[in-house]
Structure formats: C-alpha cells, structure tokens
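Close look at the chain arrangement
Spelled out, the chains give:
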Amino acid sequence: MALAPGALPARATARRGGGMAVERARAALRRAVPGIAWRDERLAERAAQVEELRRRLRQVEQQLARQQEPRRDATRPGRSTAPSFRQHVHELRRGVEELRALDPGAGHPLLQVARKLRNHRLAASHGVPVPEVLSVWRAADQIDLSGLPDEFVLKSDGGAGGHGVLPLRRVAPDRYRLVGGGGDRAEEDDAPDLSGADVVEHYRTASRVEGPFFAEAMLVRPGVEGLPDDIKVYAFYGEVGQVLLRRMDVHADLSKARYRFLGGDGADLGPDASTTHRIDPSIPAPDDLETYLDLARHLSRAMALPFVRVDLYETAAGPVLGELTRGPGGAQLYRKDHDAAMGLRWERAQYRLDLDVLAGRPLANLHGEHPAVDHYPQGHPSQAAGWPVVTAPCARWCGAVPAPV
C-alpha cells in the first residue's frame, strides 16, 4: 500500500513513542539517584567503619591469644593440673606455720620478710627510697607521741594487713584522729578521737601485731589530700605478674577500698580480673610506672623467694617503699587464665632461684651496697647471729641497680 509523503509505518511510530518513554524514565531515575560524589562519601565512610571493626577484631584476637598462652602451657603433655597462683598462696600460708616450728629464731628468708624495719633496711641498702623513721619503741607501753609532728604513721614491726598501722593527725593536745585515704574530713570527723593512752592500749591488746613499734613521717600523695595510693607489684624473682592499684578512702576499711589491676606490661586487665575486688578503672597508674616496676623487679631478685609482693606508694617525691609481703591475704580469686599465668610464673621463678643458688647465690635475702640504718633497738634479736645481713654485688644477683629517683 502506498504511503503519503512523510508518513511513517505504524510500527515505526510505536518504536519512536517507546523510545521517548524510555528517555523520560531515565531522566526520572537520574533525578532520584544521588550524585556520584555523595555515593563516594558513603563508600569511604563504610570502608572506614570496616577497617575499624577489623582493628577491634585484631585486638580481641591478640587478647585471646595472650589468655590462651598459659592454658596451652597448663595443658601441655605431662601436666596433670593447671598452675594456680591462688593454690601457691594457700600452700605458703600453711607452710609458714610449719616453718615457724622448725625455725623459732626466724633465720629463714621467708620468716625474715615479715619484719618491716628489716625490709626498710634491705630496701635502703639497694637505693630504694623508704619513709623517714621518726622514733622507735621496744614495747607498746613505751610509745610516746608528744614529740612527734602533727601528722605521722604508727606501725608495728610484725603484723599483717592494717592491724598494726595507724595513720594519725593531731587535732588537739593529746588528741589524735585517723587519717583516711580519700582526704574526706567529714568521714574523719565521724571517727572518735584517740588519746596517747588509747593508742598504747590498741597496740598492747591488738592481736597479730608484734613490736618493736615505730613512727614514720606521713607520705603525701601528689596533688591530693589523704593517704597515697598503694601500688602493689606482684613480683616473681625478677618478673612482674600483675600490679594492683588500691585506693583506701577510709583507713583499714577494705569494704570501701577500690582496686584496679594491670598486667606486668602495664595493660589494664579489665573488670573481670578479680572476682573479689571492687574494680575502679578510673584509678590512674603513675606516669612513671616503669620506674616502680624496675624497683620491684630488683627487690624481688634480692629476696631468696620465688614470689614477693613489693608494696610501693606514689608520693610527690616519687616511689617510696611501703613494705614487702610474702603472702597476700584474702581469697586471691582471679580470672582463671590470669590465675594460671601467675601460678606458672611462680613455678618458673622457683627454678630460676634454684639455678642461681647452684651457681653460687647465697640462700639469703641479699642486702645491697648503699648505706642503710638499722632502726632496731639495742639488744634486739635482729642483731644476733641468727639474723645475718648478707651483702652481695647487685650486678651479679639482683640486676642493675635502679636509677636514683
């Protein structure tokens, strides 16, 4: 059939109309879809989120690997039970009772470490700062507070926990008040004042304390009123297993104490490190934590023991020794992998000590070569032959002498 000039077949017209509809649809789609730049920004954000998730996953994997390491050691062929720090502490407590019966003169290194004035002398001989001793009394009935400064700390040479420790502030003639750790004067005001006679009676009748008794200068915490934080380093003959940071808001009231646990590398062990302590992650570690760890490593190598807790205080003048503790009190309940890791450190430390003894190390708590004062009263058993002061070169047995602080 002939077409008029310019006319299109019906099929072609349909195709043309369909093409126009497609173009209109494409235009509408372009208006609805965001621009390329916007999509690039979203893709970059998603990529950054993915990378952050990967970083967190790597951290979790590394943490799990560290936790699994003691478990692999504990379950290696030939080991029937996992090592346990808690078990070692309980065995030590039982063993000390047996040792006392065998060694009434307290010549064994384990019995020597329970004496505070002895530890002061040992630490000072290694150049470790110790509190200033203001006065010493052989017996509780001889304690006289009249000549002491307005703030001081009374201690018994023998005694566990806070039983033999009284941080005091003079508030009136012959009236004294316990100093808390948080610097809260309101809480201190709630406590009854003590007279000098009350203090004497406390030490005369208290259980688990033993003289001599002595007064120390009060240590000052940097920028904060009250007692300084405890920095308790769990040391295994030259290696650090953990660091316990403790803040005592009320003296000797463990129900109000707050704690934070760090590993030997200074990393936070988390809120589940211990099941028996009130964890407070806000307690700061000292800026120079490594200095504290170096002092603890050195002193632990000086002790003829596989484990000792080196208790230090953070003060405005730097680290100062509190005391050396052979067996921490309490339940000592830790996360399973952490308990096993410290238990394994204890066992390896014992073998390292044994090998050093075989190589000639004296089986005694070793004093260093710095001048150190003997604060025991004249005629005290510490001056007898059963309490030898053994001096040995640190360069061989204790490691490098810590830098002055």
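Residues numbered from 1 in each chain as written. Predicted model: local features only at pLDDT ≥ 70, side-chain atom pairs only at ≥ 80, totals over all residues. Heavy atoms only, no water.

An unreviewed UniProt entry lists the protein chain under the name ATP-grasp domain-containing protein, from Ornithinimicrobium avium.

Helix and strand counts for the protein chain come out as ten helices and twelve strands. The proportion of buried residues among the 405 residues of the protein chain is 42%. In the protein chain, the share of contacts with a sequence separation of at least 24, taken over all contacts with a separation of at least 6, comes to 66%. Total accessible area computed for the protein chain in this model is approximately 21,400 Å², and 55% of it derives from carbon and sulfur atoms. (Helix = DSSP H or I, 4+ residues; strand = E, 2+ residues; numbered from the N terminus. Buried < 20%, exposed > 50% of the residue type's maximum accessible area, 1.4 Å probe, protein only. Contact = heavy atoms within 4.5 Å. Areas by Shrake-Rupley, 256 points an atom, 1.4 Å probe, with all protein chains shown as cover.)

Turning our eyes to something else, we now look at unusual backbone geometry. Residue P212 follows G211 across a cis peptide bond; omega there is 5 degrees. Residue position: P212 is located in strand 5 (residues 209-217). Notably, D174 is not glycine yet its phi reads approximately 60 degrees, a positive angle. Residue R208 is not a glycine yet carries a positive backbone phi of 65 degrees. Here R208 shows up in the loop between helix 7 (196-205) and strand 5. For R208, a relative accessible area of 54% translates into the label exposed.

So, on to the pattern of salt bridges. Enumeration according to the criterion identifies 22 salt bridges in this entry. A salt bridge links R177 to D193; its shortest N-O distance comes to 2.8 Å. One end of the pair, R177, is in strand 4 (residues 175-178); the other, D193, is in the loop between helix 6 (185-190) and helix 7, and 16 residues separate them in sequence. Overlapping salt bridges, with partners in common, bring together R115, D157 and E210 in one network. (Salt bridge = Lys/Arg side-chain N within 4 Å of Asp/Glu carboxyl O.)

Positionally, T315 belongs in strand 9 (residues 308-315). Within polar-contact distance, the side chain of T315 engages the backbone oxygen of G318 at 2.6 Å. (Polar contact = N/O pair within 3.5 Å; in protein donor to acceptor, adjacent residues only side chain to side chain.)

Moving on: the nonpolar core. Counting residues in each nonpolar core, the largest one holds 53 residues, and the members touching the most others are F85, F236, L299, V310, L321 and L324. Considering every element that reaches this core, the biggest residue donor is helix 8 (residues 289-302), with six residues. If we ignore the near neighbours within four places in the chain, the residues touching L299 are L122, A123, H126, V128, V310, L321 and L324. If you look at the next biggest cluster of nonpolar residues, it comprises 15 residues, including L145, F152, Y203 and A215. (Core = buried A, V, L, I, M, F, W, Y, C linked by side-chain atoms within 4.5 Å.)

With that out of the way, let us pick up the sheet that holds strand 9. Strands sit in the order 8-7-6-9-10 across an open sheet of five strands; the sheet is antiparallel. At either margin of the open sheet sits one strand with a lone partner, and together these are strand 8 (258-263) and strand 10 (318-325). Adjacent strand axes in the sheet meet at a mean angle of 25 degrees when their direction is disregarded. In terms of strand pairing, strand 6 (residues 230-236) meets strand 7 (residues 239-247) through seven bridges, oriented antiparallel. By the bridge assignment for strand 7, V233 is matched with V243. This element, helix 8, spans strand 6, strand 7, strand 8, strand 9 and strand 10 of the sheet and lies at about 145 degrees to strand 9. (Pairing = 2+ DSSP bridges. Axes fitted to C-alpha atoms, helices over the stretch in contact; angles between N-to-C directions.)

On to helix 5 (residues 116-125), then. A large share of helix 5 lies buried, amounting to nine of its ten residues. The set of residues buried in helix 5 consists of K116, L117, R118, N119, H120, L122, A123, A124 and S125.

The next point concerns the pairing of strand 6. Counted residue by residue, strand 6 has seven buried out of seven residues, so it is predominantly covered. Judged by which residues are buried, strand 6 turns out to be covered on both faces: D230, K232, Y234 and F236 on one side and I231, V233 and A235 on the other are all buried. Looking at chain direction, strand 6 and strand 9 are connected through six bridges and run antiparallel. Bridging across to strand 9, K232 finds its partner in D311.

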